[in-house]
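These are the residues of each chain, in order.
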Amino acid sequence: GPLLCVYAFGMTTKWKVKDKFVPIVCLLSPFITYYIGANSEAWFNYEFSFELLILNGLITFVGLYFLKLNDNEDTYFLHILLRYGRIVSKKVSKVD
């Protein structure tokens with residue numbers, strides 16, 4: 001769950017995160033997922049099964065997003081979208 005999401009987060013984004021808090025997010029997300037899964041039938045009238053893996057990844061991804069450092073790297077995503085849309089932008093922030 002969390003390890004796969006951390007890998008996907010690193011491969012799909014160029015965002016830098018506060019490294020010392022990543023293990024906390026990775027340890028908390030399974031507990032949050034378990035809590036939601038245990039109470040899902042009472043709350044949503046739906047019982048999660050394998051969807052818990054997706055939910056766990058989503059919680060981890062959102063947690064890592066909140067740990068994102070405030071750089072001007074958000075324009076990198078826009079640049080990639082514009083490049084694949086055959087529109088190339090000249091203004092791109094520096095990305096290592």
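Note: the structure precedes this text.
None of these values were measured; they are calculated from a predicted model.

Participant: How should the overall build of the chain be read in this particular structure?
Facilitator: If you tally the helices and strands in the chain, you get 4 helices and 0 strands. Mapped from its N terminus to its C terminus, the chain presents α and β elements in the order α-α-α-α. Taking as baseline every contact in the chain between residues at least 6 positions apart, the subset at least 24 positions apart corresponds to 62%. Approximately 7500 Å² of the chain is accessible, and the part contributed by carbon and sulfur atoms is 66%.

Participant: Honestly, the packing of aromatic side chains in this entry has me stumped. Any pointers?
Facilitator: When we look at a pair of aromatic rings, we describe it by the centre distance and by the angle of the planes. One pass over the full model with this rule turns up 7 aromatic pairs. Aromatic pair Tyr35 and Trp43: ring centres 5.5 Å apart, planes at 65°, arrangement edge-to-face. On the basis of relative accessibility, which here comes to 46%, the residue Trp43 falls in the partly exposed class. For the pair Tyr46 and Phe48, a centre-to-centre distance of 5.4 Å together with 90° between the ring planes defines the contact as edge-to-face. Judged by relative accessible area, Tyr46 falls into the partly exposed class, the value being 39%. According to the relative accessible area criterion, Phe48 is partly exposed, its value standing at 22%. Chaining the aromatic ring pairs together yields one cluster made of Phe9, Trp15, Phe61, Tyr65 and Phe66. The ring of Trp15 has Lys68 lying over it, and the distance from NZ or CZ to the ring centre is 4.8 Å.

Participant: Is there a simple way to explain the nonpolar core in this structure?
Facilitator: As a rule of thumb, nonpolar side chains are buried together in soluble globular proteins. Judged by nonpolar contacts, Phe9, Trp15, Val17, Val22, Val25, Cys26, Leu64 and Leu67 together constitute the single largest core of 8 residues. Examining the composition of this core, we find that 3 residues originate from one element, helix H2 (residues 22–44), more than from any other. Sequence-distant contacts of Phe9, that is, excluding residues within four places in its chain, are made with Trp15, Val17, Phe61, Leu64 and Tyr65.

Participant: Explain the state of the cysteines to me, please; I cannot follow it from the model alone.
Facilitator: Think of a disulfide as a covalent bridge from one cysteine sulfur atom to another cysteine sulfur atom. The tally for this structure, following the rule as stated, stands at 0 disulfides. We note that Cys5 lacks a disulfide partner, and the nearest cysteine sulfur, in Cys26, lies 7.9 Å from it. We classify Cys5 as buried; its relative accessible area is 8%.

Participant: Looking at this structure, how should I read a nonpolar patch on the surface?
Facilitator: On the surface, a nonpolar cluster with roughly 330 Å² of combined accessible area is contributed by Phe21, Ile24, Leu28 and Ile32. Inspection of the secondary structure assignment puts Leu28 in helix H2.

Participant: What is the right way to look at the environment of Ile24 in this model?
Facilitator: Within the element layout of this structure, Ile24 appears in helix H2. Taking the C-alpha atoms as reference points, Ile24 and Gly63, separated by 39 residues in sequence, lie 9.4 Å from one another.

Participant: Hey, could you run me through H2 in this one?
Facilitator: Owing to its 3.6 residues per turn, the α-helix aligns residues three or four sequence positions apart on the same side. The largest bend along H2 reaches roughly 45° and is located at Ala38. Regarding H2, the residues found buried are Val22, Val25, Cys26, Ser29, Thr33, Ile36 and Ser40. Each element contacted by the buried residues of H2 is listed here: helix H1 (2–12) and helix H3 (51–66). Downstream of H2 by one or two residues, Asn45 has phi in the positive range, about 55°.

Rules used throughout
- Residues numbered from 1 in each chain as written.
- Predicted model: local features only at pLDDT ≥ 70, side-chain atom pairs only at ≥ 80, totals over all residues.
- Heavy atoms only, no water.
- Helix = DSSP H or I, 4+ residues; strand = E, 2+ residues; numbered from the N terminus.
- Contact = heavy atoms within 4.5 Å.
- Areas by Shrake-Rupley, 256 points an atom, 1.4 Å probe, with all protein chains shown as cover.
- Phe/Tyr/Trp six-rings, centres within 6.5 Å; stacked < 30°, edge-to-face > 60°.
- Buried < 20%, exposed > 50% of the residue type's maximum accessible area, 1.4 Å probe, protein only.
- Lys NZ or Arg CZ within 6 Å of the ring centre and 35° of its normal.
- Core = buried A, V, L, I, M, F, W, Y, C linked by side-chain atoms within 4.5 Å.
- Disulfide = S-S within 2.5 Å.
- Patch = residues over 30% accessible without salt bridge, like charges linked within 9 Å, V, L, I, M, F, W, Y side chains within 5 Å.
- Salt bridge = Lys/Arg side-chain N within 4 Å of Asp/Glu carboxyl O.
- Bend = angle between axes of the 7 residues up to and from the residue.

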